[in-house]
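Structural description and commentary
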Amino acid sequence: MNAETVAPDASNSASALRRRVLDTPWLPILGALLLMMVIFTVANPNFLSTKNLLNIGADMSQIGVMALATTVLLIAGGIDLSVGGMLALSAVTGALVFQIDQPWALPVGILAMLVTGAVVGSANGFLTVYANLPPFVVTLAMLGITVGIAYQLSNGTGISGIPEVLSSSFGFARPFGIPAPVLLLLALAAVLAVVLSSTRFGIRNYAIGSNRSAAERSGVDARKHLVTVYVMVGLFSGIAAIIDVSRFSTAAVAAHQTDVLAVVSAAVIGGTSLFGGIGRIGGTLVGVAIIGVLTNGLILMGVQPYMQQVATGLFLLAALLMHRFRESRRLAARSQVTKFNTHN
Amino acid sequence: MIKFHAPLALVGVLFLAVGCSSTEGASSSTSDAAESAASTETSEPTRIAYIPGVQGDAFFATSVCGAQDAAGDNNVDLDVQVPAEFSAQAQVPIITAIIASAPDGMIVFPDDPVGITAALKQAQDEGIVVHTLSADVEDKSARSFNLKQDLGVGGTLAGEEMAKLLGDSGATFVINVKPGIGSTDAREAGFRAAIEAVPGMTYVGQRFGNNDPTESAKQVTAALQANPEIKGIYATNLFAGLGAITAIKQMDLVGKVRLILHDTTTEEVEALESGAVDGLIGTNAYSYGYSAVEAMLQSLDGQEPTVTLPSEVFVTKANLNDPDIQAQYIYKNACS
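In this report, we go over the structure that sits alongside the text.

Reading the values: rules and limits
- Throughout, a residue's number is its position along its own chain's written sequence, starting from 1.
- Working convention: letters from A go to chains and numbers from 1 go to ligands, in the order in which they are written.
- Where totals are concerned, whole chains, interfaces and linings use all residues; where local detail is concerned, this predicted model gives features only for residues with pLDDT of at least 70, and gives and counts side-chain atom pairs only at 80 or more.
- In computing side-chain values, all of the structure's heavy atoms are included and hydrogens and water are not.
- What we call a nonpolar core is a set of buried Ala, Val, Leu, Ile, Met, Phe, Trp, Tyr and Cys residues that are connected through their side-chain atoms within 4.5 Å.
- Three exposure classes are used, based on accessible area relative to the maximum for each residue type with a 1.4 Å probe and protein chains only: buried under 20%, partly exposed in between, and exposed over 50%.
- Segments assigned H or I by DSSP are reported as helices when at least four residues long, segments assigned E as strands when at least two residues long, and all are numbered from the N terminus.
- Residues are treated as being in contact if the distance between any of their heavy atoms lies within 4.5 Å.
- Every axis corresponds to a line fitted to the C-alpha atoms, with the helix fit spanning only the stretch in contact, and the corresponding angles, defined between N-to-C directions, vary from 0 to 180 degrees.
- Here the word oblique covers every angle except those under 35 degrees (roughly parallel), over 145 (roughly antiparallel) and from 65 to 115 (roughly perpendicular).
- Left-handed describes a crossing whose near helix is turned anticlockwise from the far helix by less than a right angle; the clockwise case is right-handed.
- Classification convention: Asp, Glu, Lys, Arg as charged; Ala, Val, Leu, Ile, Met, Phe, Trp, Tyr, Cys, Pro as nonpolar; all other residues, Gly among them, as polar.

1. Thoughts on the nonpolar core
With 84 residues, the main nonpolar core has Ile29, Leu68, Phe236, Ile290, Val293 and Phe315 of chain A as its most contacted residues. Examining the composition of this core, we find that twelve residues originate from one element, helix H4 (residues 50-75) of chain A, more than from any other. For phenylalanine 236 of chain A, the residues in contact, after removing those within four places along its chain, are Val65, Met66, Leu68, Ala69, Leu188 and Leu192 of chain A. Core analysis: the second largest hydrophobic core is formed by 32 residues, Val64, Ala67, Val82 and Tyr331 of chain B among them.

2. Brief notes about the packing of H4 of chain A against helix H3 (residues 88-101) of chain B
Running from amino to carboxyl end, H4 of chain A crosses H3 of chain B at an angle of 170°, the nearest separation of the two axes being 10 Å. Between H4 of chain A and H3 of chain B, the angle falls in the class roughly antiparallel. Every residue of H3 of chain B that contacts H4 of chain A at Asn52, Asn55, Asp59 and Gln62 of chain A is listed here: Gln89, Val92, Pro93, Thr96 and Ala100 of chain B.

3. So, the side chain of histidine 225 of chain A
Residue and element names in this part refer to chain A. Its location among the elements puts histidine 225 in helix H12 (residues 222-248). Judged by its relative accessible area of 5%, histidine 225 is buried. Histidine 225 has contacts with Phe201, Arg204, Asn205 and Ile208, leaving out every residue within four places of it along the chain.

4. Quick word on the interface of chain A and chain B
On the chain B side, the residues contacting the 54 residues of chain A number 41 residues. Counting residues per element, the ones that place at least two in the side of chain A that touches chain B are helix H2 (13-22), helix H3 (26-43), H4, H12, helix H14 (281-300) and helix H15 (305-343) of chain A. Among the elements that make up the side of chain A that touches chain B, the one with the highest residue count is H15 of chain A (13 residues).

5. Section: the packing of H4 of chain A against helix H13 (residues 259-269) of chain A
The relative placement of two packed helices is expressed as an angle between their axes plus a distance between the axes. Residues and elements named next belong to chain A. Two elements in contact, H4 and H13, have axes whose closest approach is 8 Å; the angle formed by their N-to-C orientations is 60°. One finds that H4 runs oblique with respect to H13. Crossing angle aside, the handedness with which H4 passes H13 is right-handed. Residues Ile63, Met66, Ala67, Thr70, Thr71 and Leu74 of H4 touch H13, and the partners they reach there are Asp259, Ala262, Val263, Val264, Ala266 and Ala267. For the contact of H4 with H13, the residue count by class is nine nonpolar, two polar and one charged.

Functional significance is not addressed by these values, which are geometric in nature.
What follows is the structure in structure tokens.
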């Protein structure tokens, strides 16, 4: 529901199809994912086993949840580098509540994780939007602050003592044979996809990211909207924290300081623009899958760990270059259409 | 159209590139194995995966050298996969991928006593024999064997050697890493016990440098200001040690305050040679890797592993160049 409906002229079906393809930058990325899976399967048929694919999904579920919210924020023209810090702080807060030997500790602990994420997210939102500070710097500072507080609260170590019921009924539960964290990721993705494509909130989100001043002139309260999206990113980091403690039975701070790399990479590989206005939830899911499949498949092929990091980095760069190239083609195509209309 | 093929082409290039690197690693171990294991030349190699704690760590890098040599000596196809960071979150995806590659055995240095349990159990469910190395998981049913060394022994050795250096009289101090790390906490406890066992020696206490040389230097400086009677310092790892060296130099106390560092990285050996440090506690990291593969082979043969790990040694300028010390106890940046 972004440029496709806003841009003029869809009468010429050939040009419409061309624009449609150009507007769906994650299609070739999906092709790359499938090709990658074919190659990994040829190299080691165990790659394609249901168990392995479900394991990859479970391993990527936290990154995926944060990448979904990050996609919405990037489309709106913001960025949040503190997702890993919010996850770590939320996990530690929840784990500390779980240490209290009371029946209410479980629900309150879960709530504490969500609230912690949302509170930090709102701080990010107010500082960037109302204090008019650059989000890159604000959220980088917030990464340091959240990680520091999380270390302080946990005395620098992991906090165990996570209720067993969290892992048995969520972290390692498999309703319909699918890991529960993967189902949660897919459910959140479905909700956000509908919100982005079919609600006023979604249309505003694209409009603000494409041209904030134009959106504001047409009566959209961009500030309020952006703060809401930052809060949502914090909330989703809190959800990722719930998945994290449920799967690892420990709240570990060190593990999440570089999460933001995978989160932003997934969104960008999936075709979300770092400059706002462009992006799809489906694309981000493909981006998340690519990162998970690449890591798993390269290990299966016995590739040395350092080369895996190189491979992921190269893939991100190539995806960026491709999206940049396609974007310039798209803009050129649009300006030709406009010219054509003007001449008529 | 080019734009459609860009990511596809990249996939191809990536596989060419990593394909070269992977065949290089894998074939070298199998060909080494084929050369040296003449008696078992015709049999299929045993497939073992080794997952150390973290990348960029001299201890683990040296243990990999030992594991590779053991693989070469025993017709083992060894797959080494190292997590990018020291956490269950980084280690579990590696374990799950290794499960899919279905090796006969898996040796893991656990990055978390709880967080990797479910993944290890999944590996066991798939028929993979799981051993833990050095550290262990809380749920002992998640592995069939733990090859370990008493973690406090190195600290005890440091305490005993410190007492000798100071002539059984003087105040001592520990610059530690972070609270809650099993190995370094045990070193501090071992050191403290050894010092307190000597009547003329006293123990001032410990401070934490957060695994950072700069922070460690600050902490040591502050401790020496507050307790000028300190005559001996034990640093429980490389970064704590680098900080202690800096602090002692900037306070002009070289030779007046004796210093023992844990581990034998290149930086620490250089400090020993330059006289900034009196001694190093050397761990036989090479044999951790070598023995881990041997223990796994015993398990896969249906035996109870009988392999043990050698204890730490005190490395000084005097014995630094002994061939045994050089071959076994000095950490390596690359396998020979």
